[in-house]
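Below, each chain spelled out in residue letters.
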Amino acid sequence: MQNPDAKKQVAIQNLTLTFNKGKKNENKALDNVSFDIYEGETFGLVGESGSGKTTLGRSVLKLYEPESGSITFDGQDITKMKRKELGDFRRQAQMIFQDPQASLNGRLTVSNILGEGLDEAGYPKDKEKRRKKVLELLQMVGLNEDHASRYPHEFSGGQKQRIGIARALAVKPKFIIADEPISALDVSVQAQVVNLLAQLQKDHGLTYLFIAHDLAMVKYLSDRIGVLHWGKLVELGTAEQVYNHALHPYTKSLLSAVPEPDPVKEKAHRVETYDPSFEKDGQEREMVEVEPGHFVLATPEEVVKYKDAQR
Amino acid sequence: MARYILKRVLILVITLWIVVTSTFFLMQILPGTPYNNPKLTASAIEQLNATYGLDKPVIVQYWDYLINLLHGDLGTSFQYQNQSVSMLIGQRLPISAQLGVQALIVGVLFGLWFGALSARHQNQKLDGFLGVVSTLGISTPSFILAIVLLFVFGYQLNWLPVSGWGDSFSQTVLPTIALAVGPAAITTRFVRSEMIEVLHSDYIQLARAKGIGEGQVIQKHAYRNSMIPILTLIGPMTANLLTGSTLVENIFSIPGIGQQFVSSIPTKDYPVIMGTTIVYALMLMVMILITDILTAFVDPRVRLD
Amino acid sequence: MPAPVLQVKNLSVSFQTYAGVVKAIRGVDFDLKKGETLAIVGESGSGKSVTTKTLLGLNAQNATVSEESQILLGEENLAGYEESDWDQVRGAKIAMVFQDPMTSLDPTMTIGKQIAEPMEKHLGMSEKEAFAAALALMKDVGIPDAEKHINDYPHQWSGGMRQRAVIAIALAAEPDVLIADEPTTALDVTIQAQIINVIKAQQKKRDMSVIFITHDLGVVADVADRVAVMYAGKIVEKGTVNEIFYNPKHPYTWGLLSSMPTTSTALGSLHAIPGTPPDLLYPPKGDAFANRNAYALDIDHEKQPPFFKVSDTHEAATWLLDERAPKVEPPVEIQKRQAFWQENFVKEG
Amino acid sequence: MEASQEFTLVGIKNEAATEKINKPTLTFWQSVWHRLKKNKLAVVSLYFLAAVAIFALASTAVVSQSDANQFNTNAGAKYKSLPPKSGLPIPLWDGKGTVLGSADKVDVYEKNDVKQNFLFGTDNLGRSLGKRVTVGLRISLFVALAATAIDLVFGVSYGLISGWFGGWVDTLMQRIIEVISAIPTLVVVTLLAMLFGSGIGSIILAIALTNWVSMARQVRNQTLTLKERDFVLAAKTLGGSGPKIAVKHLVPNMAGTIIVQVMMTIPSAIMFEAVLSAINLGVKAPTASLGTLIADSQSMLQYYPYQILIPATILVLVSLAFILLGDGLRDAFDPKMLDE
Amino acid sequence: AGWWGSNPSSDKNTLNYAMSADVQTLDTSKATDQYSNLVLGNTESNLLRVNSKGEPAPDLAKSYKVSDDGLTYTVELRSGLKWSDGSKLTAKDVVYSWQRMVNPKTASQYSYLASGVLNADDIMAGKKDVSELGVSASGNTITFKLDHAMPQFKYLLAFANFAPQKESVVNKEGDKYGTTADKQIYSGAYKFEGWNGTNGKFKMVKNDNYWDAKNVKTKTVNWQVVKNPDTALKLYKQGKIDRVSISNSPEMYSANKNNKDVKSAAVAAATYLEYNQANNAFLKNQKIRQALNLATNRTELASQATGGTRDAAVSLVSKGLTKTTSGEDLAAYVKPGYTYDKKKAQQLFKEGLAEVNQGKMKISLETDADSVISKNTVDYIKQAWESTFGSDIEVTEKVVPFKQRLKDSQSGDFDVVVTNWNGDYQDGSTFYDLFASKDAGYNDGKFTNESYFAAVKKADTTDATNASARQDDFKDAEKALMDDANINPLYSWKASSLVRSNVKGVVESPVGLTLDLTYAHRK
Ligand SMILES: Nc1ncnc2c1ncn2[C@@H]1O[C@H](COP(=O)(O)OP(=O)(O)OP(=O)(O)O)[C@@H](O)[C@H]1O
Ligand SMILES: Nc1ncnc2c1ncn2[C@@H]1O[C@H](COP(=O)(O)OP(=O)(O)OP(=O)(O)O)[C@@H](O)[C@H]1O
Ligand SMILES: [Mg+2]
Ligand SMILES: [Mg+2]
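Residues numbered from 1 in each chain as written. Chains lettered and ligands numbered in written order. Predicted model: local features only at pLDDT ≥ 70, side-chain atom pairs only at ≥ 80, totals over all residues. Heavy atoms only, no water.

With an unreviewed UniProt entry as reference, chain B is termed ABC transporter permease, source organism Fructobacillus papyrifericola. Recorded under Subcellular location (unreviewed entry), the UniProt text for chain B is reproduced unchanged: "Cell membrane". (UniProt positions renumbered as here; feature names shortened; annotations may be inferred.)

Here it is in structure tokens:
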């Protein structure tokens with residue numbers, strides 16, 4: 001989606017966030033992260049556990065307060081939003097969670113869960129209308145009326161996740177953050193959810209921030225990809241650029257570690273190990289644009305080195 | 001570690017100060033004078049108040065109390081003329097402490113045994129039996145138990161002495177049992193559920209998968225892991241023991257601190273009430289601190305601070 | 001052909017629950033040869049863990065292993081074992097690595113001790129010997145600075161390191177068979193790669209047989225010699241790794257393979273298996289996969305398919321292999337794979 | 001022919017059926033009930049408590065509070081301390097007892113020429129113990145329930161606020177709890193009871209004021225875990241306000257914890273009332289609670305054991321039932337067992 | 001045996017006793033409770049000691065004289081008196097003790113008893129120096145000068161709190177004086193040993209320095225504190241103690257009253273109801289008060305509520321307190337004829353209620369919660385009144401801690417209150433002076449009864465030295481009290497105990513030292 005006139009949906013500038021600041025367990029979860037998400041695209045975010053993906057996603061939804069930097073949504077700085085604007089914003093940006101079990105309140109029926117979103121969106125209270133709307137939402141995610149009166153624990157993982165998606169859709173959002181929406185799911189149903197997400201994007205023109213550590217899935221779904229490591233964005237580019245022309249050694253090692261369902265390839269394949277110690281050498285690194293739209297976190301010397309290694 | 005303890009002690013001191021303050025002012029609202037003679041005339045009371053400094057503004061009395069407290073002086077009892085409260089408590093505390101510790105040890109040991117037994121025979125007859133017995137133990141207030149024990153073993157069967165303290169060990173048996181049943185019952189239930197939980201944990205599965213035998217699995221892995229949480233129970237249990245002992249001491253004529261506390265309330269013997277409260281609060285908090293430190297020693301996951 | 005180390009025949013396991021009897025395993029057969037890796041893949045709840053726990057007698061108390069089941073370890077039939085008999089099997093002959101390294105170590109015992117434990121028990125080592133052996137084993141599984149860390153407690157270690165420790169424990173008593181139940185699911189991809197390497201290296205070194213459970217086909221492609229695909233308590237297809245990946249016959253295997261994108265899968269071409277697996281409280285009377293199967297035949301809804309032999313090493317339980325069945329076009333992804341099979345593995349004919 | 005028909009490709013017959021859930025829907029409460037039923041003791045306790053509750057309520061119509069205080073002021077010796085008499089030849093329940101000062105067992109009713117049968121006997125003033133125990137049970141239950149209700153409202157709100165806001169609010173609120181729990185309950189309760197004077201109101205208050213702490217702790221801990229749960233986050237992203245989320249999402253998910261806690265608080269309140277009575281801070285005389293009945297008849301144990309054993313047994317049984325029911329409910333609410 | 005050791009009740013040299021509460025202090029001037037006084041009374045001697053006839057007889061004093069106007073008492077000490085530590089006991093020690101009592105710095109709660117001794121009140125108020133107290137010594141003679149005649153003064157000379165104290169010991173021990181057995185010295189028949197201030201086991205050992213040591217036959221008196229009355233009874237029956245009270249509960253009394261060891265003794269204590277005649281409109285009405293009194297069946301009350309542990313009251317003054325000149329019990333002599341008459345009560349109540357005209361009478365009945373008997377008492381009275389007057393009356397019980405009751409009584413914050421009064425000495429005035437005027441310290445109901453006031457005044461002044469005139473004054477007072485129904489006497493106390501029959505020589509008094517073991521011994 002290198003369309004130059006594509007509109008910026010979300011712009012993240014120099015975002016830094018530290019947990020437990022000033023305490024013994026201080027933890028810099030995000031460190032000077034900047035990138036944009038364009039309207040209608042899927043932005044994939046990958047990185048190992050603890051690299052700050054969830055933190056980033058939640059910051060964008062204003063669930064965490066950043067320490068410094070700015071996040072704008074549709075040109076509005078979300079950190080400065082007042083009550084009413086926040087309400088509007090909440091309806092436009094939604095989230096899908098990793099653990100489908102934990103993300104649904106086990107004490108509510110599916111129709112009540114979906115109803116909550118409708119309430120917040122100011123949907124009329126009329127019973128019949130509401131029933132229809134709930135049914136519509138359910139059908140949107142491939143479920144049917146039978147399911148409306150059931151409780152979350154009766155559903156399988158994939159179904160639960162689809163209910164979570166329906167809940168997010170209830171407020172008609174423009175932007176959805178999907179935080180590892182499939183990693184807790186069985187392989188056979190992962191595709192159900194991914195296909196559903198793709199379909200919904202097509203139908204409703206949604207923008208996604210798609211967080212995952214299944215790199216094949218990210219590649220499959222995303223237009224652009226950012227690679228996060230220790231709270232820093234180390235590489236950013238189109239899916240093709242990051243996968244096929246990765247520059248940063250961390251990205252490379254990450255990619256090499258992904259096993260492919262192909263015995264012949266897999267048995268020949270070597271895993272590259274990454275030695276992160278150089279990241280701590282104290283040198284200033286910046287995002288350098290090595291080709292249009294493809295950035296890598298590096299010193300100028302490293303850029304040269306990385307490029308050489310490519311050839 | 002030292003810093004942690006220091007910090008805890010600091011918190012403890014602050015808490016104690018709040019306890020002292022609130023009890024002190026609460027005491028001021030209680031009716032009546034601290035003098036025991038109902039025949040005192042108003043002018044005589046005025047005289048006495050002046051002598052004891054009770055005619056000073058409350059805030060001054062409070063300040064004096066705090067200053068004295070800092071010197072370890074808890075004041076002089078009104079009821080026990082001339083006796084310093086520190087001495088009164090100092091002489092009675094060891095007795096209550098012995099009773100309490102005996103009850104705690106007996107209770108916890110039996111609790112550990114029964115609890116483990118119950119968990120290993122989960123859902124079998126023995127488990128059911130121990131379950132009902134331990135629940136019964138919790139639902140019977142210690143003073144009722146004390147009365148019944150006294151009646152049956154003291155009066156009817158003549159097996160054990162019915163009163164006093166310090167002449168023979170046999171005197172301690174009935175009060176100890178009366179007080180130990182509660183902790184034993186609580187521990188039994190607690191250990192049982194902890195142990196059941198532990199027995200279902202992954203590491204027990206792994207231990208079983210090692211083929212070291214069920215006995216070893218339980219001894220080496222299950223016990224330790226289910227015993228550690230018991231430590232957290234000791235604090236609250238101490239609190240219960242304190243409450244229980246006040247009445248039990250009375251029933252068995254044991255010259256302990258609890259008995260004195262109960263008698264100091266209606267006589268409005270401020271210094272004793274205050275002193276006992278402070279000592280109780282201190283014991284409780286120290287007990288909790290000790291168990292916390294102990295937990296850190298036995299549980300490698302817990303680091304102090 | 002060497003005799004298999006382990007043979008499982010007609011294994012059926014059911015669980016007594018308040019709602020009724022859950023028939024979790026419904027007649028599973030497989031064997032395991034010396035030195036090979038058998039991967040079991042399948043949907044969540046398909047019975048992979050129950051199968052392997054049964055091999056160690058570690059099933060929950062409400063489990064019943066059916067009378068006809070046979071688990072042959074050499075000459076011994078483990079299926080009829082009493083609790084006390086299992087001790088010589090567990091750890092010594094068959095060992096197990098569990099899924100979650102964060103919870104599978106005893107938090108109150110040093111790691112060194114936990115590794116030494118099975119050595120003392122099964123290899124008759126003294127405490128001291130076991131300790132030394134544990135140290136060597138820790139180095140073996142790639143724990144850096146083992147001397148320094150042997151007296152650490154589990155909570156001081158990261159997930160990857162703990163999983164290495166769990167592997168060391170499994171290897172401690174030199175078992176013939178190692179069962180790894182999703183040993184990498186809880187780990188990051190990079191760590192996963194390391195753990196897989198440790199298992200592979202140790203297997204080679206010790207000439208061990210491994211049963212590797214996972215639902216990640218990528219991992220299967222990496223580790224397995226042979227693969228068994230499970231669905232709803234049954235094995236639906238088994239064969240060598242190449243047969244399963246390049247010439248799958250069962251529609252479920254097709255679904256599985258084509259629902260996983262590779263780095264070259266184009267957007268929109270991912271195939272999803274619709275619906276959810278059946279509830280094993282009420283197993284369907286026909287093929288359990290039938291109602292999610294786009295290639296279902298009428299008979300699939302009525303009658304369970306037998307195994308059809310595809311090759312000496314490859315069989316699949318689907319009526320599609322019956323001679324009366326119509327020819328069907330598998331999904332595109334599978335056609336590609338089959339083309340690759342034709343090209344590389346089927347030389348003549 | 002037929003064979004070939006069997007082998008026709010039909011594919012997925014019914015798209016919707018693939019998503020069908022076979023199990024009948026169980027609401028949360030149904031499934032709790034289902035699991036509770038497995039615990040025989042808990043069910044028996046439940047029925048027992050229901051019976052006790054009904055009895056306590058229904059008896060208001062038959063035995064009024066003042067009824068239980070009636071006795072004949074001019075024929076004390078006649079009605080005083082009569083043993084339980086069922087009217088049937090049941091040992092220990094036949095009106096036979098010893099008259100103090102002599103060792104022989106006689107039918108005291110006959111001896112005193114009393115026509116009436118007192119099922120539970122009479123007390124030292126000749127009041128019907130049956131009536132007194134009835135009223136006592138009622139009062140004790142009332143005290144316990146009222147104290148528990150206050151404790152419920154206060155403890156739950158306190159815990160919710162502390163846990164939900166976190167940060168310094170939580171720290172402060174937890175410190176307060178720490179201070180309160182540093183003073184032994186008996187001290188707090190006696191001081192309070194002395195302050196307010198004796199009487200039902202002050203006892204209820206005193207018990208509630210000391211009991212709420214553990215409720216607040218539990219609720220706070222639950223709030224802390226629940227508020228990190230994704231479904232709460234989801235509600236936040238939908239724009240729900242704090243109180244709304246607390247009521248709609250937190251409280252229902254804590255229902256189990258809260259109910260179990262209540263089941264533990266009630267008996268402890270009943271017992272505490274008894275302890276208070278034992279140090280003369282019980283309900284207003286001559287109204288009896290189980291506690292005052294026990295406390296006042298402590299000295300009877302040697303002479304008329306039934307006078308203390310009857311109320312004590314009832315107290316223990318009621319407490320026991322609450323605790324057993326609480327145990328059952330704890331398991332029934334255990335989320336780990338939710339899907340079983 | 002076995003568990004219990006040998007039976008101690010046969011050892012001739014020792015006696016064994018139990019007390020039901022802790023000893024609180026050995027400070028002679030400060031002891032207020034019964035048990036401290038019990039110890040002090042047996043280990044400290046005063047000038048006089050009440051003998052078995054209830055008469056104060058010389059103890060440390062060789063003799064004493066009273067002047068005709070009753071204002072001067074001259075006492076001669078025995079010669080060669082010694083303290084238990086061997087030091088000399090002199091007249092100075094007696095004077096010092098009196099001075100210490102009234103010294104405001106001492107803060108003695110019994111100092112008020114000295115009121116009436118010359119200058120005592122001014123000294124207590126801090127207006128005069130202690131040296132100006134009307135007690136002086138010269139050689140072996142001590143002179144007491146009084147403000148006014150005090151018929152009871154001779155009892156004070158036997159009172160434990162006024163026993164001599166040695167100044168040097170008091171000063172030496174300072175704050176700790178009397179806090180343990182060895183921080184006190186003794187002038188009585190026994191020395192106190194083994195008490196550390198809080199423990200519950202101690203003993204009295206024969207004091208060889210006591211002037212009459214040759215007549216003290218018992219070497220050791222063992223004491224233990226047993227708070228549970230049932231336990232004490234058990235110990236008695238096991239032979240471990242020689243005396244046990246059975247008046248603690250009606251049941252205990254009934255179960256043991258036929259025991260051959262039972263011994264009953266008078267106690268100078270009475271229980272009566274005070275009616276609030278200052279604040280309560282109903283109780284201001286004489287007819288209502290009379291009705292309430294008439295509706296009180298004292299005999300039934302004593303048998304039902306107290307189970308016979310107390311005797312029904314016939315007068316304000318308690319039974320057995322003292323005797324008249326003719327040897328009759330004072331209570332019997334003065335009894336004005338309280339009766340129970342339901343009919344008359346109902347009628348008077350109706351009339352009274354009509355006079356007050358405020359509808360239903362709602363009153364509270366207050367008592368302190370110290371025993372089963374006091375609870376039974378209020379239960380009984382409530383029931384009695386309610387069943388007599390039906391729905392016209394509603395009685396609410398108010399059971400409060402002792403201190404609270406005291407405060408409420410003093411501040412007039414009650415309707416009807418149960419008051420227990422323990423006399424201080426064996427003379428009627430210890431009761432009648434309670435209500436000497438409307439503002440007298442113990443006239444909590446604030447009643448005005450001029451004929452009562454006049455009779456009491458006469459007894460205390462004009463007739464102070466005339467015993468037979470005084471007893472008639474008391475009789476008049478009782479009559480006035482009953483006629484106006486200012487109070488409602490309920491019962492008179494007595495002490496019933498089981499006493500080992502082989503123990504002889506114990507002197508029991510209704511007041512002061514209730515159990516004098518000086519000459520007690522086992523036969
Ligand atoms: N609420 C919190 N308080 C303190 N630290 C936190 C909090 N949330 C996350 N962290 C820390 O911040 C870092 C980044 O966490 P984050 O959850 O964003 O990682 P992630 O990339 O989403 O990891 P995963 O793949 O495991 O979900 C981690 O070190 C984590 O421990
Ligand atoms: N103790 C038990 N009681 C009742 N049912 C059980 C029990 N243990 C397992 N089951 C059932 O047996 C079936 C197979 O479970 P199993 O754990 O073997 O699945 P799995 O293939 O290992 O799945 P996953 O990939 O999620 O680990 C499931 O339907 C499960 O619900
Ligand atoms: Mg995350
Ligand atoms: Mg599994």
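From this point, the narrative continues.
Caption draft 1: The arrangement of the overall build of chain B in detail. Across its full length, chain B holds 12 helices and zero strands. When the helices and strands of chain B are listed from N to C terminus, the series reads α-α-α-α-α-α-α-α-α-α-α-α. On the principal axes, the C-alpha backbone points of chain B span a range of 85 × 55 × 30 Å. Approximately 12,100 Å² of chain B is accessible, and the part contributed by carbon and sulfur atoms is 69%. Charge centroids of chain B, computed over 17 positive and 15 negative side chains, lie 10 Å from each other. (Helix = DSSP H or I, 4+ residues; strand = E, 2+ residues; numbered from the N terminus. Areas by Shrake-Rupley, 256 points an atom, 1.4 Å probe, with all protein chains shown as cover. Lys, Arg positive; Asp, Glu negative; His and termini not counted. Charge placed at Lys NZ, Arg CZ, Asp CG, Glu CD.)

Caption draft 2: Region of interest: the UniProt feature "transmembrane region" (unreviewed entry) in chain B. Residues and elements named next belong to chain B. Those places that UniProt annotates as "transmembrane region" (unreviewed entry) correspond, in this numbering, to residues 9-30, 95-117, 129-153, 173-191, 230-252 and 272-298. Measuring from the first to the last C-alpha atom of residues 9-30 gives 31 Å, for a span that is 95% helix and 0% strand. A distance of 38 Å separates the end C-alpha atoms of residues 272-298, which is 100% helix and 0% strand.

Caption draft 3: Looking closely at the site of ligand 1. Residues and elements named next belong to chain A. The immediate surroundings of ligand 1 are formed by 14 residues, with Ser-49, Gly-50, Lys-53, Thr-54 and Thr-55 found nearest. Between Asn-27 and ligand 1, the recorded distance is 3.0 Å, taken from a side-chain N or O atom to an oxygen atom. Between ligand 1 and the protein, one listed contact pairs an oxygen atom with a backbone N or O atom of Lys-53 at 2.9 Å. When ligand 1 is considered free in solution it has 630 Å² of accessible area, and contact with the protein chains removes 66% of it. Contributions of two or more residues to the shell around ligand 1 are made by strand E2 (27-38) and helix H1 (53-60). No other element matches H1, which puts three residues into the shell around ligand 1. Among the residues forming the shell around ligand 1, the class breakdown is three nonpolar, eight polar and three charged. (Near = heavy atom within 4 Å. Polar contact = N/O pair within 3.5 Å; in protein donor to acceptor, adjacent residues only side chain to side chain. Nonpolar A, V, L, I, M, F, W, Y, C, P; charged D, E, K, R; others polar.)

Caption draft 4: Examining the pairing of strand E6 (residues 93-96) of chain A more closely. Residues and elements named next belong to chain A. Taking every second residue as pointing to the same face, both faces of E6 are buried, with Ala-93 and Met-95 on one and Gln-94 and Ile-96 on the other. Both E6 and strand E7 (residues 175-179) contribute to a ladder of four bridges, which runs parallel. When the bridges of E7 are listed, Met-95 appears paired with Ile-177. (Buried < 20%, exposed > 50% of the residue type's maximum accessible area, 1.4 Å probe, protein only. Pairing = 2+ DSSP bridges.)

Caption draft 5: Examining the pattern of salt bridges more closely. What the rule picks out here adds up to 73 salt bridges over all chains. Lys-205 of chain C is the partner of Asp-140 of chain C in a salt bridge, and the nearest nitrogen-oxygen pair spans 2.4 Å. Pair noted here: Asp-140 of chain C is in helix H3 (residues 127-140) and Lys-205 of chain C is in helix H6 (residues 189-206), with a separation of 65 residues, a long-range link. Accessibility expressed as a relative area gives 31% for Asp-140 of chain C, which makes it partly exposed. Take Lys-205 of chain C: its relative accessible area is 55%, and that puts it in the exposed class. Here Lys-287 of chain E ties to Glu-355 of chain E by a salt bridge, and the two come within 2.8 Å at their closest N and O atoms. Here Lys-287 of chain E is found in helix H9 (residues 286-294), whereas its partner Glu-355 of chain E is found in helix H12 (residues 342-356), with 68 residues between them in sequence. Exposure remark for Lys-287 of chain E: the relative accessible area of 24% places this residue in the partly exposed category. Within this structure, Lys-7, Glu-39, Asp-74 and Lys-174 of chain A form a network of salt bridges that share partners. (Salt bridge = Lys/Arg side-chain N within 4 Å of Asp/Glu carboxyl O.)

Caption draft 6: Inspection of the sheet that holds strand E8 (residues 190-193) of chain E at higher detail. Residues and elements named next belong to chain E. Spatially, E1-E10-E9-E8 is the arrangement adopted by the four strands of the open sheet, whose pairing is mixed. Among the strands making up the open sheet, the edge pair consists of strand E1 (14-19) and E8. Strand-to-strand twist across the sheet, computed as the mean angle between neighbouring axes with direction ignored, equals 20°. As paired strands, E8 and strand E9 (residues 201-206) are joined by four bridges and run antiparallel to one another. (Axes fitted to C-alpha atoms, helices over the stretch in contact; angles between N-to-C directions.)

Caption draft 7: Broad picture of the arrangement of the chains. Looking across the eight pairs of chains in contact, one finds the most contacts between chains B and E. Taking C-alpha atoms as the reference, chain A and chain E come no closer than 50 Å and do not contact one another. Kept free of each other, chain C and chain E leave a smallest C-alpha distance of 47 Å between them. (Contact = heavy atoms within 4.5 Å.)

Caption draft 8: Expanded view of the pairing of strand E16 (residues 416-422) of chain E. All names here are of chain E. For E16, a buried count of five out of seven residues is recorded, marking the element as mostly surrounded by other parts of the structure. Bridging between strand E12 (residues 262-275) and E16 involves seven bridges; their strand directions are antiparallel. Each bridged residue has a counterpart across the sheet, and for Ala-269 the counterpart in E16 is Asn-422. The sheet contact formed by strand E14 (residues 361-368) and E16 spans two bridges and is parallel. Looking at the pairing, Leu-365 lines up with Val-416 of E16.

Caption draft 9: Structural view of the packing of aromatic side chains. Applying the stated criterion across every chain, the model contains 51 aromatic pairs over all chains. Where Phe-19 of chain A meets Tyr-64 of chain A, the ring centres are 5.2 Å apart and the plane angle is 90°; that geometry is what we call edge-to-face. Here the residue Phe-19 of chain A occupies a position in strand E1 (residues 8-19), and Tyr-64 of chain A occupies one in the loop between H1 and strand E4 (68-73), the gap between them amounting to 45 residues. Exposure remark for Phe-19 of chain A: the relative accessible area of 27% places this residue in the partly exposed category. Ring geometry for Phe-78 of chain B and Tyr-270 of chain B: centres 6.0 Å apart, planes at 75°, overall edge-to-face. Of this pair, Phe-78 of chain B sits in the loop between helix H3 (58-70) and helix H4 (85-120) while Tyr-270 of chain B sits in helix H12 (residues 270-298); the two residues are 192 residues apart in sequence, bridging distant segments of the chain. Each member of the pair, Phe-78 of chain B as well as Tyr-270 of chain B, is classed as buried. Across the ring face of Trp-493 of chain E, the terminal group of Arg-310 of chain E is positioned such that the distance to the ring centre comes to 4.0 Å. (Phe/Tyr/Trp six-rings, centres within 6.5 Å; stacked < 30°, edge-to-face > 60°. Lys NZ or Arg CZ within 6 Å of the ring centre and 35° of its normal.)

Caption draft 10: Just the nonpolar core, in detail. Counting 203 residues, the largest nonpolar core has Leu-47, Trp-98, Phe-144 and Phe-153 of chain E as its most contacted members. Of the residues forming this core, the biggest block, 16 residues, is contributed by helix H11 (residues 242-278) of chain D. Contact partners of Phe-153 of chain E, with chain neighbours within four places excluded, come to Tyr-73, Trp-98, Val-117, Phe-144 and Leu-146 of chain E. Listed in part, the 111 residues of the second largest apolar core include Ala-209 of chain B together with Leu-32, Leu-38 and Val-227 of chain C. (Core = buried A, V, L, I, M, F, W, Y, C linked by side-chain atoms within 4.5 Å.)

Caption draft 11: Spatial organisation of a nonpolar patch on the surface. There is a patch of nonpolar side chains on the surface, built from Ile-150, Phe-154, Phe-196, Leu-205 and Leu-209 of chain D and spanning about 400 Å² of accessible area. At the level of elements, helix H6 (129-165) and helix H9 (200-227) of chain D are the ones that each hand at least two residues to the nonpolar patch. (Patch = residues over 30% accessible without salt bridge, like charges linked within 9 Å, V, L, I, M, F, W, Y side chains within 5 Å.)

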